[in-house]
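Inside the fold
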Amino acid sequence: MSGSAAIATTVFGLAMAATIAIGVLSARGRSKGLAEWSVSSRGLGVLFIWLLMAGETYTSFSFLGTAGWSYSFGAPILYLVAYLTVGFAVAYVVGPALWTYASRHGLLSIADIAEFRFRSRPVGILVAVVATVFVVPYIQVQIQGMGVVVNAMTYGGVDLKVAAVISFVVAEAFILVSGLRGSAWVSAFKDVLVILVVVFLAVYIPTHYLGGPGDLMRRMVTERPEWLTFPGHASGGRDAAWFLSTVVLNAVTITIFPTTVAGYLSAKSPNALRRNALLLPWYQLLLFVPMAIGATALFVLPTLGNPDLALFSLVTDSLPAPLVAVIGVAGALSAIVPMSVFMLSIGTLWGRTVLGGGNGADPRGPRRAPGAPAEARDIRTKRLSQAVCVLAGLVALAGSLFHPDTLVELSVLSYEGLAQLVPVVLLALFWRRLTARAAVTGMLVGLAVVLGLWATDNDPYHGINGGVIALAANLAVASAVTRLAPGPAVVRAKHPGVRSAERRPAEQSAGRPAEQPTEGSPSG
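Here goes a summary of the coordinates provided. (Residues numbered from 1 in each chain as written. Predicted model: local features only at pLDDT ≥ 70, side-chain atom pairs only at ≥ 80, totals over all residues. Heavy atoms only, no water.)

In the segment running from Phe230 into Pro231, the intervening peptide bond is cis, with an omega of 5 degrees. Within the secondary structure, Pro231 sits in the loop between α10 (213-223) and α11 (240-253). In this chain, Asp459 is followed by Pro460 through a cis amide linkage whose omega measures 5 degrees. With phi around 55 degrees, Ser41 is a residue other than glycine that occupies positive phi space. (Helix = DSSP H or I, 4+ residues; strand = E, 2+ residues; numbered from the N terminus.)

As structure tokens, this is what we get:
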């Protein structure tokens, strides 16, 4: 191992030890229950919500894929900033609505919300399964992304597979102990590094290799104009129609992403989420820096074999080992933070809804033993959630080690697949007549359309993101089934373990979601 590699590896090792310590120590003096582990007892303020949710958006893709897309395609990469910014505008409305509904009924995940809304545990289980199928690939993408980052920052000194294992161990070490609060504290460490690194690179890279940002833009206009307009350079049809449809789809879908909802539900109040939605778009300005570095690489490394290495190729070529290590640590933490929240979200989905007997909203579900202590049930559910958290990570790790392309191919469909949950998880809170039968039928049709377009290589379809077409089919079918086969009126009744579904007068303000449908059978 060379001297530079030894320095970088040492810095990386120290940073990983510090990450585990920060994450684990954040749990001191906290409750040991499921609510604390999964949503921080709904106690995070504006700052930590901002840090946590910013950490989820600035991932390893921000360092690798953003620069790579900028290098390969050009303008289409702007969809990333566009959909995140529009998504936070949508979240200004959606976040408080979901927080209010979930807080009122003690719900912890999107599967919990679906089960309670339809009073049907099978609907909740189906939501958990679908969400898991489309989220696990994201864990693998982060694991493999960290492997690439660490391998590059250590000048090849740390093998890709070794780095993958390290990422899994570090993330599990603090997420199992501290839960979402641990992710928020580690995200604080990560975001400070990311901001410092990105601001430095924004000035240094264009100035070192070219005449500065101004010279970079001049050369792009005169020498690479194809990269500056849609559909970009060799982008495979990612034109303006694709851009607009993808922005709309992703902006809506990100608001019901299991990890995003975990962030919503961890807030102290709806106002904390509204303030957060106003602040988060500013963080996305940082994404323009990897884009600029990818564009710089066009002139410095015109024959680069792997575009995803555009940023780190320039960094390792021009900077001393200690600075390379710091930049690499920022990239590695950008994989670890979202990966930890992905695993925790899957654990929460399964621990309570699938394995823990549900939240008690389904009158046909398993009855709780009259003498069973609530605290004991809560601890058992938390342990089931933690076990699933580990299992989900192991599946993604095995995929990255032995089948690196299998799950990654599925990750391309993640947003399109999760978009099919929007009617079940979100629209159902406002659409009182939507029945379980209609919601599930629409979701299954939407998923079939997503997979069909992808399998036949028709996504995008005539320039339109396939997920938009699938969601339109989903909504059309759900509407038709609701109209043709409406369910009988649901009699509102208390059920053991579930708070009354009747509205309180003070809770009937405009814009708040319906607590239970007055019509629509949960017996789909």
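Each full turn of the α-helix corresponds to 3.6 residues, which orients residues three or four apart in the same direction. In a regular helix each residue adds 1.5 Å, so 20 residues correspond to 28 Å; helix α21 (residues 436-455) covers 28 Å between its end C-alpha atoms and thus fits that length. Buried residues of α21: Ala436, Ala438, Ala439, Val440, Gly442, Met443, Gly446, Leu447, Val450 and Leu453, and no others. Buried residues along α21 sit in contact with α7 (110-118), α8 (121-153), α19 (414-418), α20 (422-425) and α22 (466-484). One or two positions beyond α21, positive phi appears at Asp457, with a value near 60 degrees. (Expected span 1.5 Å × (residues − 1). Buried < 20%, exposed > 50% of the residue type's maximum accessible area, 1.4 Å probe, protein only. Contact = heavy atoms within 4.5 Å.)

The next thing to look at is the packing of aromatic side chains. Going through the model one piece at a time under the given rule, you end up with 18 aromatic pairs. With 5.3 Å between their ring centres and 85 degrees between their planes, Trp50 and Tyr283 make a pair best called edge-to-face. Taken together, the positions of Trp50 in helix α3 (residues 46-57) and Tyr283 in helix α13 (residues 270-283) put the pair 233 residues apart, joining distant regions of the chain. Taking relative accessible area as the criterion, Trp50 reaches 16% and is therefore assigned buried. Take Tyr283: its relative accessible area is 3%, and that puts it in the buried class. Taking 5.8 Å as the distance between ring centres and 80 degrees as the angle between the ring planes, the aromatic pair formed by Tyr138 and Phe257 counts as edge-to-face. Within this pair, whereas Tyr138 is found in helix α8, its partner Phe257 is found in the loop between α11 and α12 (258-265), the two being separated by 119 residues in sequence. The pair Tyr138 / Phe257 is uniform in exposure class, with both members buried. Here the aromatic residues Trp69, Phe73, Tyr79, Tyr83, Tyr138, Trp242, Phe257, Phe342 and Tyr415 are joined through ring pairs into a cluster of three or more. Above the plane of the ring of Trp227 lies Arg224, whose end atom (NZ or CZ) is 5.2 Å from the centre. Seen from the ring of Phe73, Arg238 lies directly overhead, with NZ or CZ sitting 5.3 Å from the centre. (Phe/Tyr/Trp six-rings, centres within 6.5 Å; stacked < 30°, edge-to-face > 60°. Lys NZ or Arg CZ within 6 Å of the ring centre and 35° of its normal.)

Note that every value here comes from positions in space, so none of it alone points to a role or purpose.
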